[in-house]
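# Structural features, examined
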Amino acid sequence: MRVLSVASECVPLVKTGGLADVAGALPGALAREGVEMRTLLPGYPAVMAAADGPAHDLGDLFGGPARLVEGRLGEATLYALDAPHLFDRPGGIYLGPDGQDWPDNPQRFAALSRTAARVAAEGVGGWQPQVMHLHDWQAGLAPLYLGTQAAGSGVATLLTIHNIAFQGLAPAAMIDTLGLPPAGFTPEGYEYWGQVSALKAGLVHADAISTVSPTYASELLTPEFGLGLDGVLRARRADLCGILNGIDEDAWTPPYRTPRGKGRHTRRLRDELGLPEREGPLAVVISRLTGQKGLDLLIEALPALIDGGGQLALLGSGEPVLEAAFRDAAAASPHVAVRIGYDEALSRRMIAGGDAILVPSRFEPCGLTQLYGLRFGTVPVVARTGGLADTVIDANPAAISAGVATGLHFHPVTADRLAQALVKMTALWHDRTLWQRMMRNAMAQPVGWDVSARAYADLYRSLATPS
Ligand SMILES: Nc1ncnc2c1ncn2[C@@H]1O[C@H](COP(=O)(O)OP(=O)(O)O[C@H]2O[C@H](CO)[C@@H](O)[C@H](O)[C@H]2O)[C@@H](O)[C@H]1O
């Protein structure tokens, strides 16, 4: 089975969020299922640095010359879309130096999608996929472009939603520039309230749609979570499924085997962050600071943790208002440590040293940090939504008496309920036997890719026409 994965970011080359982790993990996880997955990425400078193989000329692509250059992504093949006028620039991969989207983002990711469709239709260097696995809006136009290619039939398409909040909107005036079929610009097609929506194009035209947890797959069908696309998704309900993300269990192995081993790392973390010793739980957060993640609720609920004898260590970056609020919280209490920035090594030390990891998201398609938490016995305290609900077993009385709890849920997602959960977490932490039982349960829970890789492989096989 040959699959082309198409993404706008991918570890270890370029990452702004969880999509990169998933795109980076899939080729290895699927190789074990007999799937040969190759990955197409935009040729940002960091990606071009990994592309030193044969090059294939693509001619002009949205106003400049383009090539597909082969490289390696771990054991797998990488295709880098080398189009310097679109991708060779300093700054963020989505945002310019002014913090706004690059003005030519519609063309940049249309170029990625159009190239994907071309690889699917014509093959590259003698290799042609049977299935295209497209990630988020940046690859959303690929099924539409594929449909316009004479040779396009026969390659199946799967679109995975990692974040429906980004829909890839562009003005209708760009239909020609992007080379889209004008007849498709209707509410049943890729039009979204008078604009072009790359995500909607994918949702309408892909053969199948998935998202990254079963609960989120059903939440997406509701107006609250569908963010304007719930109607489109309800119409495609029969083709929508949820497959949980995993994490790379080898890359994320705790530096201890049993709960007892954690203490040393907690002391070290307190030292590193300048937190005083305290007889209470040390909660950690590693997150993008955006409305999605519900961290404004944590600012409100923080007294419940700190006045109850706990501590908070937060690592993140994002919205300036939230960064400032957490900096202020750290200035106001010796029991709050805040690091603004992106630092994977520190994130690992925090997960190893923390007693609990907080994920109060308003919506969370899957979430990865609670999975790291489980693996490290860092008890997750999570909003009961999306993949958080699917991966953490709440310490309710039934789960406690059955001895299966791995964390805490709160619902509805409000500051009050979060505060209550923090109080409960503190009480559970003081019951050392119970807490260690939860840690052991968490550490024993499988959070790798095995089950989900098999689910993707089955899905690809059900979509592909035999060849
Ligand atoms: N300051 C920082 N320093 C170091 N590391 C940091 C960091 N901030 C974030 N990270 C890391 O970035 C990743 C974030 O992944 P998540 O899945 O938690 O959320 P994200 O919303 O980005 O992903 C979206 O896509 C993924 C993949 O499908 C879904 O799990 C998720 O629900 C969806 O919102 C984690 O690996 C985390 O450790």
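Just so it is clear, the model here is predicted, and its values are computed rather than measured. (Residues numbered from 1 in each chain as written. Predicted model: local features only at pLDDT ≥ 70, side-chain atom pairs only at ≥ 80, totals over all residues. Heavy atoms only, no water.)

Bringing the nonpolar core into the picture now. Residues L4, L40, M132, L180, L203 and L233 are the most contacted members of the largest nonpolar core, which totals 76 residues. It is helix α4 (residues 105–122) that contributes the most residues to this core, nine residues altogether. Contact partners of L203, with chain neighbours within four places excluded, come to L159, I161, I209, L229, V232, L233 and R236. Counting residues in each nonpolar core, the second largest holds 44 residues, with V338, A405, L408 and M425 among its members. (Core = buried A, V, L, I, M, F, W, Y, C linked by side-chain atoms within 4.5 Å. Buried < 20%, exposed > 50% of the residue type's maximum accessible area, 1.4 Å probe, protein only. Helix = DSSP H or I, 4+ residues; strand = E, 2+ residues; numbered from the N terminus. Contact = heavy atoms within 4.5 Å.)

One open sheet accounts for three strands, arranged β8-β10-β9; its pairing is antiparallel. On the outer flanks of this sheet lie β8 (169–171) and β9 (191–192), each paired with one strand and no other. Inspection of the sheet shows β8 paired to strand β10 (residues 195–197) by three bridges, in the antiparallel sense. Paired with A170 across the two strands is V196, which belongs to β10. The strands touched by helix α6 (residues 198–205) within the sheet are β9 and β10, with β10 carrying the most contacts at an inclination of about 55 degrees. (Pairing = 2+ DSSP bridges. Axes fitted to C-alpha atoms, helices over the stretch in contact; angles between N-to-C directions.)

Here we come to the UniProt feature "domain: Glycosyl transferase family" (unreviewed entry) in the protein chain. The positions that UniProt labels "domain: Glycosyl transferase family" (unreviewed entry) are, in the present scheme, residues 279–427. Its end C-alpha atoms 12 Å apart, residues 279–427 is made of 45% helix and 22% strand. (UniProt positions renumbered as here; feature names shortened; annotations may be inferred.)

Looking now at the site of the ligand. Around the ligand lies a shell of 27 residues, among which H162, R288, G341, E364 and G367 are the nearest. One nitrogen or oxygen atom from the side chain of K15 is found 2.9 Å from an oxygen atom belonging to the ligand. Within the side chain of R288, a nitrogen or oxygen atom sits 2.6 Å from an oxygen atom of the ligand. For the ligand, whose accessible area on its own is 710 Å², the fraction buried by protein is 96%. Every element with two or more residues in the shell around the ligand is listed here: α1 (18–31), β13 (282–289), β14 (311–318) and α14 (369–375). No other element matches α1, which puts four residues into the shell around the ligand. By residue class, the composition of the shell around the ligand is ten nonpolar, ten polar and seven charged. Mapped onto the domain boundaries, the shell around the ligand takes at least three residues apiece from domain 1 (2–246 + 450–463) and domain 2 (259–444). (Near = heavy atom within 4 Å. Polar contact = N/O pair within 3.5 Å; in protein donor to acceptor, adjacent residues only side chain to side chain. Areas by Shrake-Rupley, 256 points an atom, 1.4 Å probe, with all protein chains shown as cover. Nonpolar A, V, L, I, M, F, W, Y, C, P; charged D, E, K, R; others polar. Domains from an automatic or database assignment.)

In this section: the side chain of S361. Along the chain, S361 turns up in the loop between β16 (356–359) and α14. Since its relative accessible area comes to 1%, S361 is described here as buried. At 2.7 Å, the side chain of S361 forms a polar contact with the side chain of E364. Beyond its immediate sequence surroundings of up to four residues, S361 is in contact with Q292, K293, G294, A383, T385, L388 and V413.

Let us now look at the pairing of strand β11 (residues 208–211). Taking every second residue as pointing to the same face, both faces of β11 are buried, with A208 and S210 on one and I209 and T211 on the other. Here strand β7 (residues 156–161) runs beside β11; their pairing, made up of four bridges, is parallel. Across the sheet, residue I161 finds its bridge partner in β11, namely T211.

For the rest of this paragraph, the subject is the UniProt feature "binding site: ADP-alpha-D-glucose" (unreviewed entry) in the protein chain. As annotated by UniProt and renumbered to match this structure, "binding site: ADP-alpha-D-glucose" (unreviewed entry) occupies K15. Mapped onto the fold, K15 is located in the loop between β1 (2–6) and α1. Residue classification places K15 among the partly exposed residues on the basis of a relative accessible area of 29%. Separated by 2.8 Å, the side chains of K15 and D21 make a polar contact.

Peptide bonds are mostly trans, and most non-glycine residues show a negative phi. Following V11, the chain continues into P12 via a peptide bond in cis, with omega recorded as 5 degrees. Of note, P12 is situated in the loop between β1 and α1. Residues H411 and P412 are joined by a peptide bond in cis, for which omega reads -5 degrees. By the element assignment, P412 lies in the loop between β18 (408–410) and α17 (415–430). Of note, the phi angle at L227 is positive, near 45 degrees, even though the residue is not glycine. Here L227 lies in the loop between α8 (223–226) and α9 (230–235).

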